[in-house]
Amino acid sequence: MRILRSFGLALCILAAGGVLSLVLPEYHLRLLNLSVVASIAVIGLNIAFGYVGLISLGHAAFVGLGAYIMAISTTRLGLSPWLAMPAAVAATAAFAVAIGLPLLRLKGHYLALATLGLNVSFVIVASNWLEMTGGTNGIAQIPSFSILHHAISDERSFLWLALVSLTLVVVVATLLHHSRYGRALISVRDDELAAEMTGIDTTRLKIMGFAFSAAYAAFAGCLFASHVRFISPEDFSYAHSINYLAMLIVGGEGTIVGAILGSVLLTFLPEWLRFLGNAYLALFGLLVFLVLVFLPTGIVGLRKFVRGPSRVDRSVQAAAEVRP
Amino acid sequence: MLACNNLTIAHGDVVAVSGVNLQVGAGETVALIGANGAGKTTLLHTISGLNKARSGDIQLDGTSILRLSSDRRVALGIAQAPEGRRIFPGLTVEENLVVATANWKKIRQSCADDLDRVFQLFPRLKERRTQLGWSLSGGEQQMLAIGRALMARPRLLLLDEPSLGLAPRLAEEVYERVKVIASAGLTILVVEQNTVLALAVADRAYVLEAGRVVLDGSAAELRNDSRVREAYLGR
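Everything in this summary refers to the structure shown in the same document. (Residues numbered from 1 in each chain as written. Chains lettered and ligands numbered in written order. Predicted model: local features only at pLDDT ≥ 70, side-chain atom pairs only at ≥ 80, totals over all residues.)

Let's talk about the overall build of chain B
In step 1: A tally of regular secondary structure across chain B gives 10 helices and 10 strands.
In step 2: For chain B, whose C-alpha radius of gyration is 17 Å, the value lies close to the compact-globule estimate of 18 Å for 235 residues.
In step 3: Across the 235 residues of chain B, 47% fall into the buried class.
In step 4: Within chain B, residue pairs in contact and separated by at least 24 positions form 66% of the contacts whose partners lie at least 6 positions apart. (Helix = DSSP H or I, 4+ residues; strand = E, 2+ residues; numbered from the N terminus. Rg over C-alpha atoms; globule rule 2.2 N^0.38 Å. Buried ≥ 20, exposed ≤ 12 C-beta atoms within 10 Å, placed from the backbone. Contact = placed C-beta atoms within 7 Å.)

If you want it as structure tokens, here you go:
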């Protein structure tokens, strides 16, 4: 039932995106593309943070790793983007497993700080490994994806690629959420000790969730690289990691719809409020604050106002808010 | 079935359990009673593999399990319903139960029979099967915690203070269920502060004081022991 609903959601995304691709001007299409790519990264972060409860402030590093592997293998080795992308995703997931083994022994603030360190290190390596990454000059002329010799280089056709990718990612994430692994991941978030007592290998699960999350990030990174066609270390600084986290929390952690809503809103908001100049950050801070106070479950929590809780089964309603 | 031989457990420098010998035979219900801070929960956690032992040994059917991880021990048949229930608030009742089958369930295998058995034992859980864990009352959560432990198909069930924080009538209800589980032949080791309840279901009991076993014997003996009556039964 829930799975059917997720397919419904996927169809909605395609339909809404399809309509928008016809009516929106180029500039807004570009923003929309960036927000769809961010959505994919944030859905990945949701697996680590929303399901397993791992506070990661280094998500942008995984986005960057995917993007760099994609950029280097297409520009240097002349690999087709279609081949480079799965390689980048797999390599990033493998890296996440390797780094997760020592990192995920940490919990809470310590893990947050360690992942932040990972992100900072990533930027330093990317800025200084000149032969490989081009340093702060970045890598230019990353090829676009192409289908039957039609390059997906303009905003409108890229939107379709991004939307199809997002749909795919949503379906996979939903299947994961409702699989035995998804349940086990959530049990680790809820109570690690109890999860261990019930026979769950929590270490293995945490690493698996972390790797999954990194794979999503890498996927987003590949799309980003082929969309913008130029990447530099700044695109993956820790500020972006914090932004991803803000998107997830504003949208509604633990939910896929929330991840998408948050990503779209926080991509468009800075543009709408551009006239504010530097005052934007103050307003942004206030907005996030208001959301956290009045909608602790994120924007998806707004649903309760739309439906109105029935008195009969308020507990069921309340339950649905925590984790629809 | 379970044997703790000269077991000493320490949290850092603080010795919580020292030189404990404890046996649980197959099919027995054994109670471990004692005051707050006597080391009961520490001992149970160590049997589950959540604490390390400093010295001594824990054996299951004659082989040491001291080096095994928690999930391996669950796979060997030791499941625990922890103190304070610790159910998963973000999962539904049914998911809470199904998640505990991780150690034995293969991908296409069904656990419907196990679910039915738990629902038969705790019909209230069946009514609430689609509700999220946090929305249950304390008594229902305790039943869920026990049910979850049973889903792991244990041979030895560890119960940590199943009466904790429950109204007396609910606590009795929980213990009635424990009796049913025991009479079905499952081996149970129950840790309890509520000595009356524990001694009512147990065959044998150990009294733990400041990390040492100070008394052990059949439940009937302990019920009539003057020290136990004075210290724990309050009459």
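Some words on the overall build of chain A
In step 1: A count of helices and strands for chain A gives 15 helices and 2 strands.
In step 2: By the compact-globule yardstick of 20 Å for 324 residues, chain A fits well, its C-alpha radius of gyration being 19 Å.
In step 3: When burial is assessed residue by residue, chain A has 48% of its 324 residues classed as buried.
In step 4: In chain A, the share of contacts with a sequence separation of at least 24, taken over all contacts with a separation of at least 6, comes to 77%.

A word on the nonpolar core
In step 1: By size, the foremost hydrophobic cluster in this structure holds 168 residues, and its most contacted members are Ala41 and Tyr216 of chain A.
In step 2: With residues near it in sequence (within four places) discarded, Tyr216 of chain A still touches Ile40, Ala41, Ile43, Gly44, Ile47 and Val169 of chain A. (Core = buried A, V, L, I, M, F, W, Y, C linked by C-beta atoms within 7 Å.)

Overview of unusual backbone geometry
Residue and element names in this part refer to chain B.
In step 1: Positive phi, close to 70°, is recorded for Arg85, a residue that is not glycine.
In step 2: Residue Arg85 is classed as buried on the basis of its C-beta count, with 26 C-beta atoms lying within 10 Å.
In step 3: In the Ramachandran plot, Ala210 falls in the positive-phi region, its phi being about 45° despite a non-glycine side chain.
In step 4: Residue placement: Ala210 occurs in the loop between β9 (204–209) and β10 (212–218).
In step 5: Ala210 gets classed as partly exposed once you count the C-beta atoms within 10 Å, which come to 14.

Details of the pairing of strand β8 (residues 187–192) of chain B
Residue and element names in this part refer to chain B.
In step 1: Taking burial as the measure, the 6 residues of β8 include 6 buried ones, the bulk of the element.
In step 2: Side chains of β8 alternate between two faces, with Thr187, Leu189 and Val191 and Ile188, Val190 and Glu192 buried alike.
In step 3: In this sheet, β8 lies alongside strand β3 (residues 29–33) in parallel orientation, the contact comprising 5 bridges. Bridge pairing links Leu32 to Val191 in β8.
In step 4: Note on the crossover from strand β7 (residues 156–160) through helix α7 (residues 168–183) to β8: the handedness is right-handed. (Pairing = 2+ DSSP bridges. Right-handed = clockwise from strand over helix to strand, strands pointing away.)

A short note on helix α1 (residues 40–48) of chain B
Residue and element names in this part refer to chain B.
In step 1: Summarising burial for α1: 9 of the 9 residues are buried, a large majority.
In step 2: Within α1, the full set of buried residues consists of Lys40, Thr41, Thr42, Leu43, Leu44, His45, Thr46, Ile47 and Ser48.
In step 3: Where α1 ends, the next residue or the one after it, Gly49, has phi of about 90°, a positive value.

Here we look at the interface of chain B and chain A
In step 1: Taken together, the contact pairs 24 residues of chain B with 20 residues of chain A.
In step 2: Listed by contribution, the elements that provide at least two residues to the side of chain B that touches chain A are α2 (70–76) and α3 (93–98) of chain B.
In step 3: No other element matches α2 of chain B, which puts 4 residues into the side of chain B that touches chain A.
In step 4: Of the residues that constitute the side of chain B that touches chain A, the class distribution is 13 nonpolar, 7 polar and 4 charged. (Nonpolar A, V, L, I, M, F, W, Y, C, P; charged D, E, K, R; others polar.)

Digging into the sheet that holds β7 of chain B
Residue and element names in this part refer to chain B.
In step 1: Taken together, 6 strands build an open sheet; the order of strands is β6-β7-β8-β3-β9-β10 and the sheet is mixed. Edge strands, defined here as strands with exactly one partner in the open sheet, are β6 (78–81) and β10. Strand-to-strand twist of the sheet, defined as the mean angle between neighbouring strand axes without regard to direction, takes the value 15°.
In step 2: Its contacts with the sheet put helix α6 (residues 138–151) on β6 and β7, and the angle it makes with β6 is roughly 170°. (Axes fitted to C-alpha atoms, helices over the stretch in contact; angles between N-to-C directions.)

Re helix α13 (residues 279–294) of chain A
In step 1: In this model α13 of chain A runs 23 Å from its N-terminal to its C-terminal C-alpha over 16 residues, within 8% of the 22 Å that 1.5 Å per residue would give.
In step 2: Taking burial as the measure, the 16 residues of α13 of chain A include 1 buried ones, a minor fraction of the element. (Expected span 1.5 Å × (residues − 1).)

So, the packing of helix α2 (residues 26–51) of chain A against helix α12 (residues 256–272) of chain A
Residues and elements named next belong to chain A.
In step 1: The contact between α2 and α12 brings their axes to 8 Å, and the two run at 140°. In this view, α2 runs oblique relative to α12, as classed from their interaxial angle. For the element pair α2 and α12, the recorded crossing hand is right-handed. Across the interface between the two elements, Leu31, Leu34, Ser35, Ala38, Ser39, Val42, Ile43 and Asn46 from α2 touch Ile256, Ala259, Ile260, Gly262, Ser263, Val264, Thr267, Phe268 and Glu271 from α12.
In step 2: Looking at the contact of α2 with α12 residue by residue, the class counts come to 10 nonpolar, 6 polar and 1 charged. (Parallel < 35°, antiparallel > 145°, perpendicular 65-115°, else oblique. Left-handed = near helix turned anticlockwise from the far one by under 90°.)

As for the sheet that holds strand β1 (residues 2–11) of chain B
All names here are of chain B.
In step 1: Ordered in space as β2-β1-β4-β5, the 4 strands form an open sheet in which the pairing is antiparallel. Strands at the two margins of the open sheet, each flanked by one partner only, are β2 (14–24) and β5 (63–64).
In step 2: In this sheet, β2 lies alongside β1 in antiparallel orientation, the contact comprising 7 bridges. Its bridge partner being in β2, Cys4 is matched across the sheet by Leu22.
In step 3: α1 contacts β1, β2 and β4 (55–60) of the sheet and is inclined by roughly 65° relative to β2.

Re the environment of Phe268 of chain A
In step 1: One can find Phe268 of chain A in helix α12.
In step 2: With 240 residues separating them in the primary sequence, Phe268 of chain A and His28 of chain A have C-alpha atoms 8.7 Å apart.

Regarding the packing of helix α11 (residues 238–251) of chain A against α12 of chain A
Residue and element names in this part refer to chain A.
In step 1: Between α11 and α12, the least distance of the axes is 7 Å, while the angle of their chain directions is 120°. Classified by the angle their axes make, α11 and α12 are oblique. Classified by chirality, the crossing of α12 by α11 is right-handed. Between α11 and α12, the contacting residues are Asn243, Ala246, Met247, Leu248, Val250 and Gly251 on the first element and Gly258, Ala259, Ile260, Leu261, Gly262, Ser263, Leu265 and Leu266 on the second.
In step 2: The residue makeup of the contact of α11 with α12, split by class, is 9 nonpolar, 5 polar and no charged.

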